[in-house]
Amino acid sequence: MAPIKIRRIGVGPPVFLWHSMFVDSETFDLVTQELGDGRELFLVDGPGHGDSPGPRRFYSLQDCATAAVQVMDALQVAAPVDWVGNAWGGHVGILLADGFPARIRTLTAIGTPAYPLPAADRRKTALLVRLYRILGPGPFSKTVVEALVGPGAAASAPSAASIVAAAFQRGDRRGKYWAMRSLMLRRPDLRPVLPRLQVPTLLMAGRDDAMNDAGEAEQAARSLPAGQFVPVAGGGHVAPLLVAPKEVTRTILQFWATQDGG
């Protein structure tokens, strides 16, 4: 795995945050102040995104989970972490909690479908990925914004749309291309993994997220030994962080407090 960029904020028990595909760690900026009160936040730029270059080859979500452990070791983070993953970051967190449970205190996954990309969506997305390789991000900005924030986002949530569009334009173009091929088009079915997870897990889904059905997310939470599901505002995988940051932070802080005995 190529080098992974980390931003560190604050002091206290460790929290790792890994963003959605297409964007970067800046999509967490509206929740970091409250989540970082009395904690140390480690904001990850995933491979090919933000300031992380990413491999020029196929790799897997399991490789990302292993890389996360290597980052923890390199940063000497020995205490179990509270993991907050958005979409892609939630997939990484699920595999991290399954393969390295001693490294995770709690898992929060926001906008993270446990099922694989449906076949029809995969075919359509594969074409877009090939075009992205040739044309770059410019022609696809509106498509990505509407997928991650919701239809009509430029008019209904202009600030959120601007944040996502800017993040999509940033990053290593070739690295992002390989991330799309490796992780989005080859996204595995993680539903069989969920019943094995022993860490307390919170699943959140946008109420209007067409690509992460809330009913499916609630069913996934029921399959977890220590899981709960909370619907939040938003019409795309990233939308809750940008259109309802206070709702998201309140929900996460309440979840953490229950694990603290509060």
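Predicted, not measured: the structure shown is a model, and the values here were computed from it.

To continue, consider the environment of Ala167. Inspection of the secondary structure puts Ala167 in helix 7 (residues 158–169). For the pair Ala167 and Leu224, spaced 57 residues apart in sequence, the C-alpha separation works out to 33 Å. Contacts of Ala167, omitting those with residues within four sequence positions, involve Phe22, Val23, Asp24 and Lys176.

Attention now goes to the pattern of salt bridges. Under the criterion given, the structure shown has 13 salt bridges. The salt bridge involving Arg7 is made with Asp29; its shortest N-O contact spans 3.2 Å. In this pair, Arg7 is assigned in strand 1 (residues 5–9) and Asp29 in the loop between strand 2 (14–18) and helix 1 (32–35), connecting sequence segments 22 residues apart. Exposure remark for Arg7: the relative accessible area of 28% places this residue in the partly exposed category.

With that settled, the discussion passes to helix 2 (residues 61–74). Under the 1.5 Å per step criterion, the end-to-end length of helix 2 is 20 Å for 14 residues, consistent within 8% with the ideal 20 Å. Residues of helix 2 that are buried: Leu61, Cys64, Ala65, Ala67, Ala68, Val69, Val71 and Met72. The secondary structure elements touched by the buried residues of helix 2 are strand 1, strand 2, strand 4 (81–86), helix 3 (88–99) and helix 8 (173–184). Near the N-terminus of helix 2, the side chain that reaches the backbone nitrogen of Gln62, with its oxygen 3.3 Å away, is that of Ser60.

A full pass over the atoms with the stated rule returns two cavities of 30 Å³ or more. By volume, the largest cavity is sized at about 40 Å³. Considering the residues around the largest cavity, the lining is formed by Ile4, Ile6, Phe16, Trp18, Val44, Ala67, Ala68, Val71 and Trp83. Elements supplying a minimum of two residues to the lining of the largest cavity: strand 2 and helix 2. Of the residues forming the lining of the largest cavity, the biggest block, three residues, is contributed by helix 2. Of the residues assigned to the lining of the largest cavity, the class counts are nine nonpolar, no polar and no charged.

Another aspect to go through is the sheet that holds strand 6 (residues 201–206). Spatial strand order, 1-3-2-4-5-6-7: seven strands in an open sheet with mixed pairing. On the outer flanks of this sheet lie strand 1 and strand 7 (227–232), each paired with one strand and no other. Across the sheet, the axes of successive neighbouring strands diverge by a mean angle of 20°, strand direction being ignored. Of the strand pairs in this sheet, strand 2 and strand 4 are connected by four bridges, and their pairing is parallel. Directly across from Phe16, in strand 4, lies its bridge partner Trp83. Lying on the sheet, helix 3 is in contact with strand 2, strand 4 and strand 5 (104–110); it crosses strand 4 at an angle near 140°.

Each value, and the rule that gives it
Residues numbered from 1 in each chain as written. Predicted model: local features only at pLDDT ≥ 70, side-chain atom pairs only at ≥ 80, totals over all residues. Heavy atoms only, no water. Helix = DSSP H or I, 4+ residues; strand = E, 2+ residues; numbered from the N terminus. Contact = heavy atoms within 4.5 Å. Salt bridge = Lys/Arg side-chain N within 4 Å of Asp/Glu carboxyl O. Buried < 20%, exposed > 50% of the residue type's maximum accessible area, 1.4 Å probe, protein only. Expected span 1.5 Å × (residues − 1). Polar contact = N/O pair within 3.5 Å; in protein donor to acceptor, adjacent residues only side chain to side chain. 1 Å grid on protein atoms, 1.4 Å probe; cavity = no way out; pocket = protein on both sides within 12 Å on 5 of 7 lines; lining within 4 Å. Points joined across faces, edges and corners; volume = space filled by probe spheres on them. Nonpolar A, V, L, I, M, F, W, Y, C, P; charged D, E, K, R; others polar. Pairing = 2+ DSSP bridges. Axes fitted to C-alpha atoms, helices over the stretch in contact; angles between N-to-C directions.

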